[in-house]
Amino acid sequence: MPIPVNQITDKQLLEVLSYVEGHFLDLKAKEIKPAKLTKAVSAFANADGGELYIGIAENVTLPFPHKWDGFFRPEDANGHLQMFETLFPLGEDYLYDFLAHPRQTGLILQVAIRKTKGVVKASDGIPYIRRGAMSLPVDTHSKLALLERNKGITSFENEPATVELAKVSNSTTAIKFILDVVPTSEPEPWLRKQELVKEDKPTVSGIVLFADLPQAILPKRSGIKIYRYKTSDQEGTRETLVGDPISVEGCVYDLIKQAVEITKEIIGEIQVLGTKGLEPVTYPTATLHEVITNAVLHRDYAIADDVHVRIFDNRVEVESPGRLPAHITPKNILKERFARNGNLVRVINKFPDPPNKDVGEGLNTAFEAMRDLHLKDPVVVEHDNSVVVQIKHERLASAEDVVMEYLDNPDNPVITNRVARGLTGIRSENSMKNVFIRLRDRNLIEQVPGRSGFSSAWQKIKRRNSHRSKP
């Protein structure tokens with residue numbers, strides 16, 4: 001099947017010639033050897049995916065840093081295409097086409113590389129990983145172990161811990177579970193059957209599930225910290241922290257339930273200015289439950305850090321140690337499925353009223369619950385060593401609708417830029433001013449006379465009745 005050739009516009013040409021190499025983008029001259037190109041391909045596949053443009057040379061003259069120097073014919077790129085077939089024999093995880101422009105010579109090979117489930121090695125037998133604009137070799141045992149954990153090929157949950165098996169097999173949690181769920185079995189044989197014992201030691205997942213206090217055995221790897229910040233700023237500070245952080249401990253089954261209840265209790269005490277005055281902040285319980293459950297069950301237990309729940313005036317942030325596993329990205333997280341800690345996810349589902357009732361559907365449930373309350377979708381942000389889910393208290397209504405709803409309340413005759421930003425979630429004063437101007441141009445609001453600068457405010461247009469004189 002021939003590779004499609006896409007004609008690009010002048011505007012797109014300028015964009016291509018102005019590209020700057022980075023974490024998701026690399027530019028290569030057509031003369032690059034396929035073997036050398038495999039390093040960049042491996043790096044994208046093992047990180048977060050990215051795009052390669054082959055047929056772009058450096059430009060030593062202004063105004064653009066690059067110049068178009070494409071393949072004369074599609075067949076001239078066969079060596080590069082064969083390399084992709086070698087690295088991805090199933091034809092998955094990459095897409096490619098040619099770019100052409102009527103005033104440029106030759107064809108640019110554009111390749112989109114997806115984040116892969118497995119580790120992809122370059123032609124030198126070494127895997128690479130993308131960091132910024134560099135393709136770094138994964139050339140030590142510790143680096144490879146980390147990459148394999150990030151890919152979900154291995155999981156720290158299966159590592160045996162240096163603690164007596166009785167800490168798990170004879171715990172109150174394990175005995176109660178066996179009596180409630182599998183009364184015909186004894187704890188130790190059942191734990192072995194579930195692969196929660198290795199080398200006569202409990203595994204990390206076995207400890208997290210059935211130790212009465214996993215945090216004493218796995219410090220900084222199995223707890224939850226909850227913070228309340230009295231601010232809507234991007235970052236919480238010591239000055240905005242309310243009280244001391246709350247440490248939540250216990251087996252994972254109790255840990256999740258306690259953390260959700262404490263989070264709900266703290267949120268219940270928050271009031272913010274709404275369109276009808278001070279209003280309690282409301283987040284759907286299902287969203288809090290699913291996001292916290294997901295953070296605990298899918299975290300990387302090799303990283304010595306707790307799950308962090310940060311409660312701000314306008315949002316809740318849940319941070320889980322470890323990057324998204326395998327081929328999961330913030331964009332496909334609602335569609336794709338992958339369990340980093342397969343044993344943990346499977347066994348906790350055997351508990352009465354398990355926190356992960358619908359295995360694999362947790363975040364979908366969280367998003368649907370937000371939409372049911374007409375709140376914006378949660379936002380998933382991936383950092384170098386953690387994943388943060390932001391649950392924002394921002395309504396789906398347009399900023400214009402929020403302003404008018406506020407002014408419709410007799411108790412709110414005027415609205416300032418600051419109040420409007422708090423209601424709408426808009427951070428920029430100028431962006432909020434533009435909302436006011438659009439409403440003014442629709443003859444819905446007007447500036448309050450006599451108020452300017454920082455004290456300026458807006459009000460609904462007061463309709464003036466015209467009176468005709470009696471004849």
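Keep in mind that this is a model prediction, so the values were computed, not measured.

S.K.: Would you take a moment to explain the overall build of the protein chain for this structure?
M.R.: Counting its secondary structure elements, the protein chain contains 16 helices and 22 strands. A principal-axis box enclosing the C-alpha atoms of the protein chain has dimensions of 105 × 70 × 40 Å. Here the protein chain holds 471 residues, and the buried ones make up 46% of them. Considering only intrachain contacts with a sequence separation of at least 6, the fraction spanning at least 24 residues in the protein chain is 65%. Carbon and sulfur atoms form 51% of the exposed surface of the protein chain, whose accessible area is close to 24800 Å².

S.K.: I tried to follow the pairing of strand 12 (residues 224-228) on my own but got confused; where do I start?
M.R.: For strand 12, the buried fraction is high: four of the five residues fall into the buried class. Direction of pairing for strand 12 relative to strand 13 (residues 246-248): antiparallel, over a ladder of three bridges. Across the sheet, the residue bridging to Lys225 is Ser247, located in strand 13. Relative to strand 16 (residues 307-311), strand 12 runs parallel, the two being bridged by five bridges. Along strand 16, the bridge assignment pairs Arg228 with Ile311.

S.K.: Help me out: how do you make sense of the sheet that holds strand 12 in this one?
M.R.: By way of backbone hydrogen bonds, the strands of a sheet pair with one another, either parallel or antiparallel. With respect to topology, six strands assemble into an open sheet ordered 13-12-16-17-19-18, the strand pairing being mixed. The open sheet has two edge strands, strand 13 and strand 18 (379-382), and neither has a second partner. With strand direction ignored, the average angle separating the axes of adjacent strands in the sheet is 20°. Where strand 16 and strand 17 (residues 315-321) come together, four bridges link them in antiparallel fashion. Within strand 17, the residue paired with Ile311 across the bridge is Val316. Set on the sheet, helix 10 (residues 252-267) makes contact with strand 12, strand 13, strand 16 and strand 17; between it and strand 12 the angle comes to about 0°.

S.K.: Explain the packing of helix 10 against helix 11 (residues 285-297) to me, please; I cannot follow it from the model alone.
M.R.: Working note: a packed helix pair is described by the angle between its axes plus the distance between those axes. The geometry of helix 10 relative to helix 11 is characterised by a closest axis approach of 10 Å and an angle of 140° between their N-to-C directions. In terms of axis orientation, helix 10 runs oblique to helix 11. Between helix 10 and helix 11 lies a crossing of right-handed hand. Between helix 10 and helix 11, the contacting residues are Val252, Leu255, Ile256, Ala259, Val260, Thr263, Lys264 and Ile267 on the first element and Thr285, Leu288, His289, Ile292, Thr293, Val296 and Leu297 on the second. A per-class count over the contact of helix 10 with helix 11 returns ten nonpolar, four polar and one charged.

S.K.: Would you take a moment to explain helix 13 (residues 362-372) for this structure?
M.R.: Side chains that are three or four residues apart share a direction in an α-helix, a result of its 3.6 residues per turn. Among all positions of helix 13, only Gly362, Leu363, Asn364, Ala366, Phe367, Ala369 and Met370 are buried. Those residues of helix 13 that are buried are in contact with helix 11 and strand 19 (386-392). His374 sits one or two residues past helix 13 and shows a positive phi near 60°.

S.K.: Mind showing me how you'd approach the environment of Thr9 here?
M.R.: Along the polypeptide, Thr9 turns up in the loop between strand 1 (5-7) and helix 1 (10-17). Separated by 92 residues in sequence, Thr9 and His101 have C-alpha atoms that sit 7.1 Å apart.

S.K.: For this particular structure, what's the right way to read the nonpolar core?
M.R.: Considering soluble globular proteins, one finds that nonpolar side chains tend to be buried as a cluster. Leu209, Phe210, Ile224, Val252, Val296 and Val316 are the most contacted members of the largest nonpolar core, which has 62 residues in total. Among the elements that make up this core, the one with the highest residue count is helix 10 (eight residues). The residues touching Ile224, leaving out its near neighbours within four places in the chain, are Ile246, Ser247, Val248, Leu255, Ala259, Ile292, Val296, Asp306, Val307 and Val309. Within the second largest apolar cluster, 23 residues are counted, among which are Met83, Phe84, Leu87 and Phe88.

S.K.: Please clarify how the pattern of salt bridges should be interpreted in this entry.
M.R.: Where charged atoms of side chains with opposite charge meet at close range, the side chains can pair. A full pass over the atoms with the stated rule returns 23 salt bridges. One connected set of salt bridges, linked through shared partners, spans Asp26, Lys28 and Arg130.

S.K.: Is there a simple way to think about the pairing of strand 3 (residues 50-54) in this case?
M.R.: Each regular strand shows side chains that alternate between the opposite faces of the sheet. Of all five residues that make up strand 3, four are buried, and the element is covered over most of its length. When strand 2 (residues 25-28) meets strand 3, the two strands line up parallel, connected through four bridges. Residue pairing in the sheet places Leu25 in a bridge with Glu51 of strand 3. In the classification by handedness, the crossover that spans strand 2, the intervening helix 2 (residues 34-46) and the parallel strand 3 is right-handed. With five bridges connecting them, strand 3 and strand 7 (residues 108-113) associate as antiparallel partners. Bridge pairing links Leu52 to Val111 in strand 7.

S.K.: Explain the packing of aromatic side chains here, please?
M.R.: Here a ring pair, both rings aromatic, is described through the centre-centre distance and the interplanar angle of the planes. Inspection of every chain in the model, using the stated rule, returns 13 aromatic pairs. Following the ring pairs from residue to residue traces out a cluster consisting of Phe177, Trp190, Phe210, Tyr253 and Phe351. The side chain of Arg299 reaches across the aromatic face of Tyr301, ending 4.7 Å from its centre. Here Arg310 stacks its cationic end above the ring of Tyr227, 5.8 Å away from the centre of that ring.

S.K.: Please explain the sheet that holds strand 3 as it appears in this structure.
M.R.: If you trace the five strands from one edge of the open sheet to the other, you get 1-6-7-3-2, paired in mixed fashion. Edge positions in the open sheet fall to strand 1 and strand 2, since each of these has one partner strand only. When strand polarity is set aside, the average angle formed by the axes of neighbouring strands in this sheet is 25°. Helix 2 rests against strand 2, strand 3 and strand 7 of the sheet, and its axis sits at about 160° to strand 3.

Reading the values: rules and limits
- Residues numbered from 1 in each chain as written.
- Predicted model: local features only at pLDDT ≥ 70, side-chain atom pairs only at ≥ 80, totals over all residues.
- Heavy atoms only, no water.
- Helix = DSSP H or I, 4+ residues; strand = E, 2+ residues; numbered from the N terminus.
- Buried < 20%, exposed > 50% of the residue type's maximum accessible area, 1.4 Å probe, protein only.
- Contact = heavy atoms within 4.5 Å.
- Areas by Shrake-Rupley, 256 points an atom, 1.4 Å probe, with all protein chains shown as cover.
- Pairing = 2+ DSSP bridges.
- Axes fitted to C-alpha atoms, helices over the stretch in contact; angles between N-to-C directions.
- Parallel < 35°, antiparallel > 145°, perpendicular 65-115°, else oblique.
- Left-handed = near helix turned anticlockwise from the far one by under 90°.
- Nonpolar A, V, L, I, M, F, W, Y, C, P; charged D, E, K, R; others polar.
- Core = buried A, V, L, I, M, F, W, Y, C linked by side-chain atoms within 4.5 Å.
- Salt bridge = Lys/Arg side-chain N within 4 Å of Asp/Glu carboxyl O.
- Right-handed = clockwise from strand over helix to strand, strands pointing away.
- Phe/Tyr/Trp six-rings, centres within 6.5 Å; stacked < 30°, edge-to-face > 60°.
- Lys NZ or Arg CZ within 6 Å of the ring centre and 35° of its normal.

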